[in-house]
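The residues making up each chain are set out below.
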Amino acid sequence: MTPVDATAEFWTTREDELMRRLATHAEGLTTAEVRRRIGRFGPNLAVTRARRGIAARLGRRLAEPLIAILLIAAAISGLTGDWRSFTVILVIVVVSITLDITQEHRAERMVDALRRAVAVTVSVRRDGETVERPVADIVPGDVVELHAGELVPADGVMIAGHGAMANQALLTGEPYPVEKRPGLPASTALAEATNALFGGTSIVGGNATMVVVATGGATRFGAIAEAVQAQETPTAFESGVHALGMLILRLTGFLVLVVLLTHVIGRGLTLESFLFAVALAVGLTPELLPMVMTVTLARGAVRMAARRVVVKRLSAIEDLGGMDVLCTDKTGTLTEARIAHVASFGADGVEAPRVTELARRNSRFAGGLRSNLDDALLAGAPTAAAGGWRRVADIPFDFERRRAAVLVAREGEFELVVKGAPESVLGLCTRIERADGTLAPLDAGKRAAIEALLDAKGREGLRLLAVARRAVPADATRIGVDDETDLAFVGCAAFLDPPKESAGDAVARLARAGVRVKIVSGDAAPVVAHLVATLGLPGRSIASGDRIAEMTDAALEACVETTDHFVRVSPDQKRRIVLALRRRGHTVGFAGDGINDAPAIHAADVGLSVEGGTDIAREAADIILLAPDLGLLADGVAEGRRTFANIMKYVRMGTSSNFGNMLSMAVASLVLPFLPLAPLQILLNNLLYDISEIGIPFDAADPQDQAAPQRWDMGAVLRFTLVMGTLSSLFDIATFAVLILGFEADVATFRTAWFVESILTQILVIFVIRTAGRPWASRPHPMLVATSLGGLTAALAFALTPLGGVFGFVAMDPAILAAILGIAALYLVLADVLKRRALRRPLGR
């Protein structure tokens, strides 16, 4: 056989040519040939398990710069006897790594969910007979028989069948069943492939015989499985943490190497110099950063859980806050994912209750399979509301006629009611029934006007069913297709998948928050355009899947910047759109509820699913909305921005304070005949300062921090560190001068006084730089006040009471203490002035 390119539009190949290339025929393959093809193509398993060993998972985490820094600091602390620091750092690292590894189980759960969506056995023609075989045994060239209610086992082309209807929501997201029939389609688009059947979809009506073209991972369903198992690109949050780790690593290495080199040149390498350099390294390490991030994110998750929002990946909260583009599927996300009867209109386009009455009569009495449009019509009518009419005879719906007819009677009155596709029903009509019940001839002008009306309604995204009728003689007992003539056109019933009540307000809130919403849907352009207009979204530019299929990745990157919405896109195209936006520097969210959305949900910075989503969509998502209110999305964005703002407070405070302190000690160690602080005093300073910052996760955020998407900006972090750290160091040097030149302090007094000045300025400046505004205009959270002042109280107790003897502190002269307090007050004033300069470039986009 000649392989068929399953990634191409195989449904555009003529049936005879396809059968020739597959080396098969209508009677199917022989058992011997099937065995050979299984050996060549493998079993028909679209979903395989993705398992990563625990060692590989652990190694990947240990390679992260921030984790490596913390482990080095822990090792050094242990070697120097500082077991308290060793234990604290190690516990934080273990908890952080454990949480990360736990997240990897999600991919395995996604695979399990996909496996449950695949059929177990199928009817296939083998050796001239139809037999039941496991789906895994299906090979290209097999001829498979399918009936209503069965799942399609692989990708292929329909070669025979009757009345086949397929639910392709898995691939396209469309809520309407799609008619399938043999013969080449009019379009190459997947959604228009009327002769193609795809693995994982289902037959909901009629029957079909198909020849299999692609199996296993080569199917469209297999591509979805591969996409959700692919290694995730680091999210914006993960990339930011990695960049921060590299920044701290560079700062630490630079400062420690300079100090060691200077000491080696000036004094030689002594044990005290080595321990001092080690203390500098530990002092520059933000060992509580993983804890602060975890607590901050966990508090956000708890608040969101109270609103019925499940956060599966904690860091997704921050990514949600940084999101500036939200791509969303239409069906089930912005809409209710159900068909609703929204209106009925007559031949003149005016609302017509008579049309609804007749359409319901037809749906109630017609035999055969009832469609979801019938269900929508009858949903608004009481069960007993037959109006005295009874069924006499009917012609069920079929796909050749594309309509259903019923003969009903009431008190000697007999009536034929026909309902179906507008073009089918209108072609049978010779008259028009007006709103007052009178009839008028249907001439060419009126017919053209009705066709224009139907076309306009279709462009609004409405699905239409036409209704026609005529009186029948009272002795009629049966009807045939020949009776469907000389009908009076009454009007059309209109259907729509209605928007969720909260969709409009949620989209408006997201827009005000600086989040651009793009609809990425498998639906047709008119349907999406109507929803765009309903929700008030920008809709100047819409691109189709056909156009995207012809684009390179570079061309798509340019397209996604200028295109508002995307229609008729496949699952892989949704994923490509998300990745293109991410490569352009956007933080991207994707909201969807179907299997077809899973690859894009998986590829986004933050994946979202909604109430009633499929198992695979919920497994792929980072955040799940359990309540139907889409306003929770906007609430989540605000929560994410508050979380990010608090994390950045710790980063700015920790890096600038630690850098300033270590820079001061490095400078002092070069000009003083003694170390400005003993190694144990450095570690005590660092520990107490970290304790003072534990309350940061509870703090509120400035309004400007929540007004626009936020992102990690290492340039801004470095600028703030250099400006505020240098200011702190300058005041430390001023303190050195006052102590040495003004008070001629001895070593113990010097260390005690500088410890007090250092911890006093470090902790009190928290209240200054926690907000971009004036400190007194923004009230800190009581928890932050408690931890900060508690840490300061403990520090002063160690330094100014007999407890300090253990750490080498001594009693201070009141004049020295007064000088220290004056220096600290001046520092806080200047810090308030300079912080605005340090933050002159906002972190927002």
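Structure: see above.
### Comments concerning the packing of helix 24 (residues 631–671) against helix 27 (residues 714–742)
Moving on, step 1. Put simply, helix 24 and helix 27 touch, their axes get as near as 7 Å, and they point 40° apart. Considering their axes alone, helix 24 and helix 27 lie oblique with respect to each other. Classified by chirality, the crossing of helix 27 by helix 24 is right-handed. Contact with helix 24, carried on its side by Met648, Val651, Arg652, Thr655, Ser656, Phe659, Gly660, Asn661, Leu663, Ser664, Val667 and Ala668, involves Val717, Phe720, Thr721, Leu722, Met724, Gly725, Ser728, Ser729, Asp732, Ile733 and Phe736 of helix 27 and no other residues of that element.
Moving on, step 2. Along the lines of polarity and charge, the residues of the contact of helix 24 with helix 27 split into 12 nonpolar, nine polar and two charged.

### Here's the deal with the side chain of Ser788
Moving on, step 1. Mapped onto the elements of the fold, Ser788 is located in helix 30 (residues 782–800).
Moving on, step 2. Classification of Ser788 as buried rests on a relative accessible area of 0%.
Moving on, step 3. Within the structure, Ser788 has its side chain in polar contact with the backbone oxygen of Leu784 (distance 2.9 Å).
Moving on, step 4. The residues touching Ser788, leaving out its near neighbours within four places in the chain, are Ser692, Ile763, Ile766 and Phe767.

### With respect to the pattern of salt bridges
Moving on, step 1. Per the stated rule, a full pass over the model turns up 43 salt bridges.
Moving on, step 2. Linking Arg354 and Glu357 is a salt bridge whose minimum nitrogen-to-oxygen distance equals 3.6 Å. Placement of the pair is Arg354 and Glu357 together in helix 13 (residues 353–365), with a separation of three residues, close to one helical turn.
Moving on, step 3. Linking Arg401 and Glu484 is a salt bridge whose minimum nitrogen-to-oxygen distance equals 2.5 Å. You can see Arg401 sitting in the loop between strand 11 (390–398) and strand 12 (403–410) and its partner Glu484 sitting in the loop between strand 16 (463–472) and strand 17 (487–496), a full 83 residues away along the chain. One exposure class covers both Arg401 and Glu484, and it is buried.
Moving on, step 4. Among the charged side chains, a salt-bridge network with shared partners connects Arg354, Glu357, Arg361, Glu415, Glu433 and Arg469.

### Observations concerning a nonpolar patch on the surface
Moving on, step 1. On the surface, a cluster of nonpolar side chains totalling about 410 Å² of accessible area is made up of Val667, Leu670, Val671, Leu730 and Ile733.
Moving on, step 2. At the level of secondary structure, the elements contributing two or more residues to the nonpolar patch comprise helix 24 and helix 27.
Moving on, step 3. In terms of residue count, the dominant contributor to the nonpolar patch is helix 24 (three residues).
Moving on, step 4. Relative to the helices and strands, Ile733 resides in helix 27.
Moving on, step 5. For Ile733, a relative accessible area of 33% translates into the label partly exposed.

### Focus on the pairing of strand 11
Moving on, step 1. Pairing of strand 11 with strand 12 involves six bridges; the strand directions are antiparallel. For Arg390, the partnering residue across the bridge sits in strand 12 and is Ala409.
Moving on, step 2. The antiparallel pairing of strand 11 with strand 12 creates a hairpin that spans four residues between the two strands, and Arg402 there sits at a positive phi of about 60°.

### Concerning the sheet that holds strand 9 (residues 325–328)
Moving on, step 1. Sheet architecture is open: six strands sit in the order 8-23-22-21-9-18, paired in mixed fashion. The sheet terminates laterally at strand 8 (309–311) and strand 18 (516–519), the two strands that pair on one side only. Between one strand and the next, the sheet's axes are offset by a mean angle of 20°, whatever the strand orientation.

### Topic: the packing of aromatic side chains
Moving on, step 1. Considering all chains together, one arrives at 11 aromatic pairs under this definition.
Moving on, step 2. A centroid spacing of 5.1 Å and a plane angle of 75° characterise the contact between Phe10 and Trp11, whose relative ring orientation is edge-to-face.
Moving on, step 3. Among the residues examined, Phe10 registers a relative accessible area of 2% and is labelled buried.
Moving on, step 4. Each ring, one from Phe807 and one from Phe809, has its centre 6.5 Å from the other, and the planes form 35°; the classification is tilted. Phe809 matches Phe807 in its accessibility class, with the two residues each being buried.
Moving on, step 5. Through successive ring pairs, a cluster of aromatic residues spans Phe674, Phe736, Phe750 and Trp754.
Moving on, step 6. Lys457 extends its terminal NZ or CZ atom over the ring of Phe345, reaching a point 4.9 Å from the ring centre.

### A few points about unusual backbone geometry
Moving on, step 1. Of note, Glu411 is a non-glycine position whose phi angle comes to about 50°, a positive value.
Moving on, step 2. Within the element layout of this structure, Glu411 appears in the loop between strand 12 and strand 13 (413–420).
Moving on, step 3. Given the relative accessible area of 81%, Glu411 is considered exposed.
Moving on, step 4. Non-glycine residue Glu744 carries a positive phi angle of around 50°.

How each quantity is defined
- Residues numbered from 1 in each chain as written.
- Predicted model: local features only at pLDDT ≥ 70, side-chain atom pairs only at ≥ 80, totals over all residues.
- Heavy atoms only, no water.
- Axes fitted to C-alpha atoms, helices over the stretch in contact; angles between N-to-C directions.
- Helix = DSSP H or I, 4+ residues; strand = E, 2+ residues; numbered from the N terminus.
- Parallel < 35°, antiparallel > 145°, perpendicular 65-115°, else oblique.
- Left-handed = near helix turned anticlockwise from the far one by under 90°.
- Contact = heavy atoms within 4.5 Å.
- Nonpolar A, V, L, I, M, F, W, Y, C, P; charged D, E, K, R; others polar.
- Buried < 20%, exposed > 50% of the residue type's maximum accessible area, 1.4 Å probe, protein only.
- Polar contact = N/O pair within 3.5 Å; in protein donor to acceptor, adjacent residues only side chain to side chain.
- Salt bridge = Lys/Arg side-chain N within 4 Å of Asp/Glu carboxyl O.
- Patch = residues over 30% accessible without salt bridge, like charges linked within 9 Å, V, L, I, M, F, W, Y side chains within 5 Å.
- Areas by Shrake-Rupley, 256 points an atom, 1.4 Å probe, with all protein chains shown as cover.
- Pairing = 2+ DSSP bridges.
- Phe/Tyr/Trp six-rings, centres within 6.5 Å; stacked < 30°, edge-to-face > 60°.
- Lys NZ or Arg CZ within 6 Å of the ring centre and 35° of its normal.

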